[in-house]
Amino acid sequence: MKVIERDVVVVGGGPGGSTCAAFLARAGVDVLILDKETFPREKPCGDCQSGVTCVILNELGWLDGLREISYENHGIILTSPDYTKLTVTAPFSGMRYDTPRRIYDDFMVKHAVKEGAELLEECWVYDVIKEDGYVRGVKAKYQGQKIEIRAKMVIGADGAHSIVAQKIGMFPDLDNNVAVVGRCYYENVDMEPYNEIHFDGDVIPGYVWIFPEKDKLANVGLGFTRDTYPRDGKSLQETLEFWINKSPFGEKLRGKKRIGEFRGWRIPDGVQRMDNYVPGCMLVGDAASMVMPSTGEGIGPAMVTGKLTAQITVEALKQNDFSGEFLRQYPQMRDEMYDAKYKSIKAFENSFANGDNVNAFVHKLNDDAKAFDGFRKQWFFEAYEEDRKKKGAAAKK
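Asks: Before we move on, can you summarise the overall build of the protein chain with the specific residues and values?
Replies: Scanning the protein chain for helices and strands turns up twelve helices and 18 strands. Over its C-alpha trace the protein chain gives a radius of gyration of 21 Å, about what one expects of a compact globule, namely 21 Å for 397 residues. By principal-axis analysis of the C-alpha atoms, the protein chain measures approximately 60 × 55 × 40 Å. Sorting the 397 residues of the protein chain into buried and exposed places 56% on the buried side. Sequence separation of 24 or more characterises 73% of the internal contacts of the protein chain that already satisfy a separation of 6 or more. When the accessible surface of the protein chain is split by element, carbon and sulfur atoms take 47% of a total near 16,700 Å². In the protein chain, 53 side chains carry a positive charge and 59 a negative one; their mean positions are 2 Å apart.

Rendered as C-alpha cells:
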C-alpha cells in the first residue's frame, strides 16, 4: 500500500479546509488537502459570504478577488407572517457577497494551493489511522487504489456528513438540532440588492430565502429542523412551490425559469457541537457542527475555525505536542467566540416557532432604533471584528 507523509493533512477543500491550509502554508507547514471531488464542483448552499468571511478574506489578501466574482448585497430584508417588511443595511464591516459555491469553493482552494498547499482531488477518505491513542493520519482511495496519508495532525473539514467526525466519535445527530434544507436557482429575477429571508405562516418554524447573485440569478431555498419536517405531507420542493404561488414576496419568481435541479442537504446546528478534537485531530466547519442556529450560516464559522485550528496546529508543530491536553485550548477558544452567540440565536430560533412572535419582533425592530441596532450588530457579527481589532491593538503594545 502506498504511504504518503506530510506534516498536516486537511480532509476537505471547502472554505474551512482551504482557510486552514492557506494559513498553515503561509507558516511554512507541509500541508496536503484531500477532497473526494474535482474542483470546480457543486455544493448546495445559500451561497452567502458574510461579514466575518470577508474579514478573514481580507486578512489573507483575497477579498478583492472575491469582489470580482461575486454579487455585493447591501444587507438583509426580513418579512413576517403578516407580510411586514424590515430592511437591515449592513455596516461596512458586515458587507456581504453572494457567490455560487461551485465558484466560491474553487476560488478558495486554488488560492490555498497558490499559498503552497498541495491538493489531491478525487481522493475519498474512508477512515482515520489510530495508534497509541492518537490520530496519525487517514486511509483513502485514490486513483483506484487504497493509500495511507500519515501526518502529525489531521484536520477534519469534510462537511456535514464528515467521515473524520464519525471515526473519532464526534458526530452528533439530534433531530431538533439538524436542519433539512433545499435550494434551487431561478434566472432573470428582478431584486433589490438585499438577501431576503421570509418567515411565512405556511413555512414557520422554517423560512424561505431569496438571495440575489450576478446576472439576475437568484438562489432560492428553504429549510426546517428535522423534527418538524415534512410539513403537511409536502416535500421541501413542494413547500417552496406552494409559497411562491401564495406569498406576495414570491411573486417575483412566478413565471421565471428554474435552472438546475432542486438539491437538498443536511445542516448541523452549532448548539450540538462537541469538543471537536482528539489527540492528533481537530474538526472545523460543518464537520464540527459549527453552523449558526436559525440563520444556517456555515461559511463564516468554517473559516473562523479553519484559521483557529491552523494557529493551534502551528504551535503544536513547534512544540511537537499533539496531545489532548494541548488541543484542549481549541474548544475553549472557540466557545469564547461563539458560545454566547449560539445561545442567543437559538433562543431567537425557538421564539420564532410562533408566528405571532415573529410579527411582534419585526414590528419592534421597525419601531425601536436601539433594538434594531442591537440586532444588526448580532446578525452581522460585528463583535468578531471588534474583538479582532482589540487583540491586534493589545499585541502591538
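Next comes the rest of the account.
Asks: Give a description of the side chain of N73 that names residues and reports values.
Replies: With respect to the secondary-structure elements, N73 resides in strand 4 (residues 71-73). With a relative accessible area of 0%, N73 lands in the buried category. A polar atom in the side chain of N73 sits 2.9 Å from the side chain of D98. Polar contacts involving the side chain of N73 include one to the side chain of N195, which spans 3.5 Å.

Asks: How would you summarise the packing of aromatic side chains if you had to cite specific residues and measurements?
Replies: All chains considered together, the criterion is met by 13 aromatic pairs. For the pair F199 and Y207, a centre-to-centre distance of 5.4 Å together with 55° between the ring planes defines the contact as tilted. The burial state of F199 is the same as that of Y207; both residues are buried. Ring centres of Y338 and Y342 lie 5.5 Å apart, and the angle between their planes is 25°; this geometry places the pair in the stacked category. Taken together, the positions of Y338 and Y342, both in helix 9 (residues 329-351) and four residues apart, correspond to about one turn of that helix. A relative accessible area of 1% places Y338 in the buried class. Each member of the aromatic cluster is reached from another via a ring pair, and the members are F199, Y207, W209, F211, W265, F352, F361 and F375. Against the face of F242 rests K234, its NZ or CZ located 4.7 Å from the ring centre.

Asks: So what's going on with unusual backbone geometry? Which residues, and what values?
Replies: Across the junction of I204 and P205, the peptide omega takes the value 20°, indicating a cis bond. By secondary structure assignment, the location of P205 is in the loop between strand 13 (195-198) and strand 14 (207-213). The omega angle of the peptide bond from Y229 to P230 is 0°, so this bond is cis rather than trans. Its place among the elements puts P230 in the loop between strand 15 (217-225) and helix 6 (236-246). Positive phi, normally seen in glycine, also occurs at D132, with a value near 55°. Relative to the helices and strands, D132 resides in the loop between strand 9 (123-131) and strand 10 (134-142). The phi dihedral of S289 is positive, around 55°, even though this residue is not glycine. Positionally, S289 belongs in the loop between strand 18 (281-283) and helix 7 (299-319). For S289, a relative accessible area of 3% translates into the label buried.

Criteria and cut-off values
Residues numbered from 1 in each chain as written. Predicted model: local features only at pLDDT ≥ 70, side-chain atom pairs only at ≥ 80, totals over all residues. Heavy atoms only, no water. Helix = DSSP H or I, 4+ residues; strand = E, 2+ residues; numbered from the N terminus. Rg over C-alpha atoms; globule rule 2.2 N^0.38 Å. Buried < 20%, exposed > 50% of the residue type's maximum accessible area, 1.4 Å probe, protein only. Contact = heavy atoms within 4.5 Å. Areas by Shrake-Rupley, 256 points an atom, 1.4 Å probe, with all protein chains shown as cover. Lys, Arg positive; Asp, Glu negative; His and termini not counted. Charge placed at Lys NZ, Arg CZ, Asp CG, Glu CD. Polar contact = N/O pair within 3.5 Å; in protein donor to acceptor, adjacent residues only side chain to side chain. Phe/Tyr/Trp six-rings, centres within 6.5 Å; stacked < 30°, edge-to-face > 60°. Lys NZ or Arg CZ within 6 Å of the ring centre and 35° of its normal.

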